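So you can see what is in the structure, the chains are spelled out below.
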Amino acid sequence: MADFENLQLANDKGVLTITINRAEKLNALNIATIEELREAFQDIYDNNEVKSVILTGAGEKAFVAGADISEISELNEMNGRKFSENGQEVFEMIEKCHKPVLAAVNGFALGGGCELAMACHMRIATPNAKFGQPEVNLGIIPGYGGTQRLTQLIGKGKALELMMTADFIGAEEAKSLGLVNHIAESHEELMTLANSILSKINSKAPLAIGMVIDSVNGYYTGEENGYQTEANSFAACCKSEDFKEGTKAFLEKRAAEFKGE
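Right, let's walk through the structure included here. (Residues numbered from 1 in each chain as written. Predicted model: local features only at pLDDT ≥ 70, side-chain atom pairs only at ≥ 80, totals over all residues. Heavy atoms only, no water.)

A short note on the overall build of the protein chain
A tally of helices and strands in the protein chain yields 11 helices and 10 strands. Rg of the C-alpha trace for the protein chain: 19 Å, near the compact-globule value of 18 Å for 261 residues, within the 12% margin. Expressed along its principal axes, the backbone C-alpha trace of the protein chain runs to roughly 60 × 40 × 35 Å. Residue burial in the protein chain is summarised as follows: out of 261 residues, 48% are buried. Expressed as a percentage of contacts within the protein chain between residues at least 6 apart in sequence, the contacts between residues at least 24 apart total 68%. Summed over all atoms, the accessible surface of the protein chain reaches about 13,700 Å², with 52% contributed by carbon and sulfur. (Helix = DSSP H or I, 4+ residues; strand = E, 2+ residues; numbered from the N terminus. Rg over C-alpha atoms; globule rule 2.2 N^0.38 Å. Buried < 20%, exposed > 50% of the residue type's maximum accessible area, 1.4 Å probe, protein only. Contact = heavy atoms within 4.5 Å. Areas by Shrake-Rupley, 256 points an atom, 1.4 Å probe, with all protein chains shown as cover.)

Details of the sheet that holds strand 9 (residues 168-170)
An order of 4-6-8-9 is seen for the four strands of this open sheet, with the pairing classed as mixed. The open sheet has two free edges, formed respectively by strand 4 (62-64) and strand 9, since each of these has just one partner strand. Pairwise comparison of adjacent strand axes, ignoring direction, gives a mean angle of 20° for this sheet. Judged from the three bridges that link them, strand 6 (residues 108-110) and strand 8 (residues 130-132) form a sheet pairing that is parallel. The residue of strand 8 that forms the bridge with A109 is F131. (Pairing = 2+ DSSP bridges. Axes fitted to C-alpha atoms, helices over the stretch in contact; angles between N-to-C directions.)

Concerning helix 8 (residues 187-202)
Across its 16 residues, helix 8 extends 22 Å between first and last C-alpha, which sits within 8% of the 22 Å expected from 1.5 Å per residue. Among the residues of helix 8, those classed as buried are H187, L190, M191, A194, I197, L198, I201 and N202. When helix 8 is viewed along its axis, its buried side chains cluster within an angular range of 135° and face the same direction. Exposed and facing more than 90 degrees away from the buried side of helix 8 are E188, T192 and K200. At its buried positions, helix 8 is contacted by strand 2 (15-20), strand 3 (52-57), strand 5 (101-105), strand 7 (122-125), strand 10 (182-183) and helix 9 (206-219). (Expected span 1.5 Å × (residues − 1). Arc of directions from axis to C-beta.)

Quick look at the sheet that holds strand 2
Sheet architecture is open: six strands sit in the order 1-2-3-5-7-10, paired in mixed fashion. In this open sheet, the two strands that pair with only one neighbour each are strand 1 (7-12) and strand 10. Across four bridges, the pairing between strand 5 and strand 7 is parallel. Across the sheet, A104 pairs through a bridge with I124, a residue of strand 7.

Some points on the side chain of T126
Here T126 shows up in the loop between strand 7 and strand 8. Excluding anything up to four places from it in sequence, T126 contacts V105, N106, G107, A171, I183, A184, S186, H187 and L190.

Brief notes about the packing of aromatic side chains
Scanning the model with the defined rule gives three aromatic pairs in all. Among the aromatic residues, ring-to-ring pairing joins F83, F91 and Y144 into one connected group. (Phe/Tyr/Trp six-rings, centres within 6.5 Å; stacked < 30°, edge-to-face > 60°.)

Let's talk about the pattern of salt bridges
Under the counting rule described, the total for this entry stands at nine salt bridges. Across the salt bridge formed by R254 and E252, the nearest N and O atoms sit 2.7 Å from each other. Connected through shared salt-bridge partners, E35, R38 and E89 make up one network. (Salt bridge = Lys/Arg side-chain N within 4 Å of Asp/Glu carboxyl O.)

Re the packing of helix 9 against helix 10 (residues 226-238)
In the contact formed by helix 9 and helix 10, the axes pass within 8 Å of each other and the chain directions differ by 170°. What the angle tells us is that helix 9 and helix 10 run roughly antiparallel. Contacts between helix 9 and helix 10 involve A208, M211, D214, S215, G218 and Y219 from the former and G226, T229, E230, S233, A236 and C237 from the latter. (Parallel < 35°, antiparallel > 145°, perpendicular 65-115°, else oblique.)

Focus on a negative patch on the surface
There is a patch of like negative charges on the surface, built from E172, E185, E188 and E189. Take E172: it is sitting in helix 7 (residues 171-177). (Patch = residues over 30% accessible without salt bridge, like charges linked within 9 Å, V, L, I, M, F, W, Y side chains within 5 Å. Lys, Arg positive; Asp, Glu negative; His and termini not counted. Charge placed at Lys NZ, Arg CZ, Asp CG, Glu CD.)

Quick notes on the pairing of strand 1
Alignment of strand 1 against strand 2, held across six bridges, turns out to be antiparallel. Bridging from a neighbouring strand, N11 pairs with L16 of strand 2.

As for the side chain of N202
Structurally, N202 can be placed in helix 8. With residues up to four places along the chain from it excluded, the contact list for N202 reads K13, G14, V15, K51 and S52.

See the structure below:
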């Protein structure tokens, strides 16, 4: 994969860790970092050496503390729409990735950082994590899909409250609301847990994992019938070599060896 200015990448047995590496800026998302994420995920889609992804932030203080306010302050109606649509496009790439993407949230996940975490398929956090969409403090609203994904994940009433009050919530409340899957006691334990979860998923049938992602996403897509997506995906699984191997291994009482075919 390419070398990046704002991202650090490390692949360990198929689990690719992407670290947003702007610790001096609390890993704030500037336009350059968004474009690097686009390039990274374009490669991930077709890179057979990557089975799953961890997204995290450098340092102990922040996952991503927000977007780059110096860039946002220069926006007008015309380029503001383009700014929003560009971020939405990159985050949709993450959401629709057939390989599981897990956000390991260490510290602040605010504004664009919260939106990035929500675009991932799962979120785990350290006790010092803080989540929030405080954009109304700047006279704007979430623009990278936050109004939609936060509502999907925690429900309309609470999502409206958080976006209109600009309040932050901690890891425990985020977990109680369904925004966070697990809490780990330290950054080290966070990364260990992330790798453990993805290593387990990586042992399953890759085609089936991708189709689970497709089918769940279909529930939230207005122009798509999620049940039909599920049925189509189930049928596609039934013609795969992984299906033959999985059922054969079960009947033979042995571990399956999936090839993603």
